[in-house]
Amino acid sequence: MIKVHKFGPAFGLPDASPFVMKVETYLRMTDQKYEAVTGDVRKAPRQQLPFVDIDGKVMPDSTAIVDHLEGARSEKLDAHLDAGQRAVGLAFKSMLEEHLYFGLLFMRWATDDGWTVFEPSLREMLGRMGVPSLLRGMVSGSARKQVIGRTRTQGIGRQPRTEIVGTCTQIIDAFAEQLGDRPYFCGDKPTTYDATTYAFGAGVLCPAFDNELRKHGATKKNLVSYVDRMRDQYWKD
C-alpha cells in the first residue's frame, strides 16, 4: 500500500503543492493504487510534503519518490525516449521545479493580492493538521515569513515583482514553445516528465490567482489545452 501524505485540495486543484500534484499524477498515470492522507508538515521528513509511506517505508522528496516507484516497474514510462529527449525533459523539469516554483511561491505568499487568496486555504490546511483555531492566524503569519525568507534565500524574492513576472513569463513562453502541438510534453506518449509539467502548468493557470502569470499563461492556447487534457485524462474524479 502506498500512502501519500499531502496538504489537501485547494483553489480547485488536487493539492496546494505542485510537488504533491506531481506524485499523485504520476501514480494515476501508472495506475498505481494509493491512499491520500492529510500530512503534518511539522512532523514530515525534512519538514516538507509530500512524503510517502510504502509498506512501512517512509520516503520524502517528490523526485526520489517517482524515481523509486518507476524503478520498480517493468515497463518504464520513459523507455521510448532517446538521450536528447531525456536531456530536454530534465532541463525543463529542473527549470519548473527550481525556478518557476519560487516565482509561484512569491506571487502566492509575498504579494498582498496573492496572500488574500492563499491565507484562508492555509488556515483550512492548519485546521486539518490539528492546529487550534485561535492559533491559526499566528501560525499562518509565521509560515508566511518563513516562505518569503525561502524566496529571498533562493534569490528571486530579492527582485521587484516586475522582474519576477518577466523571468517567469519567459519560462512559461519556453514551456509552451517546447510543448508545441504534441499531446504530451515529450511527444505522443506520456512520460514521467508530464507529472511535473502538468502540475506546474495547472499551478500557473489556477484561476484563483488572477495575477500576471495566470493571465500570460492563459494566452498560450496549447498550454491551456495540455492542462485540460491531462486533467480530463487523469483527474476526472
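A brief report on the enclosed structure follows. (Residues numbered from 1 in each chain as written. Predicted model: local features only at pLDDT ≥ 70, side-chain atom pairs only at ≥ 80, totals over all residues. Heavy atoms only, no water.)

### Considerations on the sheet that holds strand E1 (residues 2-6)
Piece 1. Taken in spatial order, the four strands line up as E2-E1-E3-E4 in an open sheet, and their pairing is mixed. Across the chains shown, the open sheet's two edge strands, defined by having one partner strand only, are strand E2 (35-38) and strand E4 (57-60). Strand-to-strand twist of the sheet, defined as the mean angle between neighbouring strand axes without regard to direction, takes the value 25 degrees.
Piece 2. Sheet topology places E1 next to strand E3 (residues 51-54); four bridges connect them, and they run antiparallel. Opposite Val4, over in E3, you have Val52 as the bridge partner. (Pairing = 2+ DSSP bridges. Helix = DSSP H or I, 4+ residues; strand = E, 2+ residues; numbered from the N terminus. Axes fitted to C-alpha atoms, helices over the stretch in contact; angles between N-to-C directions.)

### Side note on the pairing of E1
Piece 1. Among the five residues of E1, four are classified as buried, and the element is accordingly described as predominantly covered.
Piece 2. As paired strands, E1 and E2 are joined by four bridges and run parallel to one another. Directly across from Lys6, in E2, lies its bridge partner Thr38.
Piece 3. For the segment spanning E1, helix H1 (residues 18-29) and E2, crossover handedness is right-handed. (Buried < 20%, exposed > 50% of the residue type's maximum accessible area, 1.4 Å probe, protein only. Right-handed = clockwise from strand over helix to strand, strands pointing away.)

### Thoughts on the environment of Asp228
Piece 1. Considering the arrangement of structural elements, one finds Asp228 in helix H9 (residues 221-234).
Piece 2. Asp228 gets classed as partly exposed once you look at its relative accessible area, which sits at 29%.
Piece 3. For Asp228 and Tyr198, which are 30 residues apart along the polypeptide, the C-alpha to C-alpha distance reads 9.3 Å.

### Examining the packing of helix H3 (residues 83-110) against helix H7 (residues 192-205)
Piece 1. At a minimum axis distance of 10 Å, the contact between H3 and H7 shows a crossing angle of 30 degrees. On the basis of the axis angle, H3 is roughly parallel to H7. Seen from above, H3 lies across H7 with left-handed handedness. Note on element contacts: H7 touches H3 through Tyr193, Thr196, Thr197, Phe200, Gly203 and Val204, opposite Arg86, Gly89, Leu90, Lys93, Leu96, Glu97, Leu100, Tyr101, Leu104 and Arg108.
Piece 2. The residue inventory of the contact of H3 with H7, partitioned by class, reads eight nonpolar, four polar and four charged. (Parallel < 35°, antiparallel > 145°, perpendicular 65-115°, else oblique. Left-handed = near helix turned anticlockwise from the far one by under 90°. Contact = heavy atoms within 4.5 Å. Nonpolar A, V, L, I, M, F, W, Y, C, P; charged D, E, K, R; others polar.)

### Structural notes on the pattern of salt bridges
Piece 1. On inspection of all chains with the given rule, the structure shows 15 salt bridges.
Piece 2. Notably, a salt bridge pairs Arg73 with Glu70, separated by 3.3 Å at the nearest N-O pair.
Piece 3. The class for Arg73 is partly exposed, based on a relative accessible area of 22%.
Piece 4. Asp232 is the partner of Arg231 in a salt bridge, and the nearest nitrogen-oxygen pair spans 3.7 Å.
Piece 5. The structure contains a network of salt bridges with shared partners spanning Lys6, Asp15 and Glu24. (Salt bridge = Lys/Arg side-chain N within 4 Å of Asp/Glu carboxyl O.)

### As for helix H5 (residues 133-154)
Piece 1. An ideal rise of 1.5 Å per residue puts 32 Å on 22 residues; H5 measures up with 32 Å between its terminal C-alpha atoms.
Piece 2. The complete set of buried residues in H5 reads Ser140, Ala143, Arg144, Val147 and Thr151.
Piece 3. Elements that come into contact with the buried residues of H5 comprise H3 and helix H4 (112-128).
Piece 4. With its phi angle positive at about 120 degrees, Gly155 sits one or two positions after the end of H5. (Expected span 1.5 Å × (residues − 1).)

### Thoughts on empty space enclosed by the protein
Piece 1. Scanning all chains against the criterion turns up one cavity of 30 Å³ or more.
Piece 2. Here the largest cavity is characterised by a volume of approximately 60 Å³.
Piece 3. Every residue along the wall of the largest cavity is listed here: Leu104, Met107, Arg108, Gly203, Val204, Cys206, Phe209, Asn211, Leu213 and Arg214.
Piece 4. Every element with two or more residues in the lining of the largest cavity is listed here: H3, H7 and helix H8 (212-218).
Piece 5. With three residues, H3 is the largest single contributor of residues to the lining of the largest cavity.
Piece 6. Its residues assigned to classes, the lining of the largest cavity shows six nonpolar, two polar and two charged. (1 Å grid on protein atoms, 1.4 Å probe; cavity = no way out; pocket = protein on both sides within 12 Å on 5 of 7 lines; lining within 4 Å. Points joined across faces, edges and corners; volume = space filled by probe spheres on them.)

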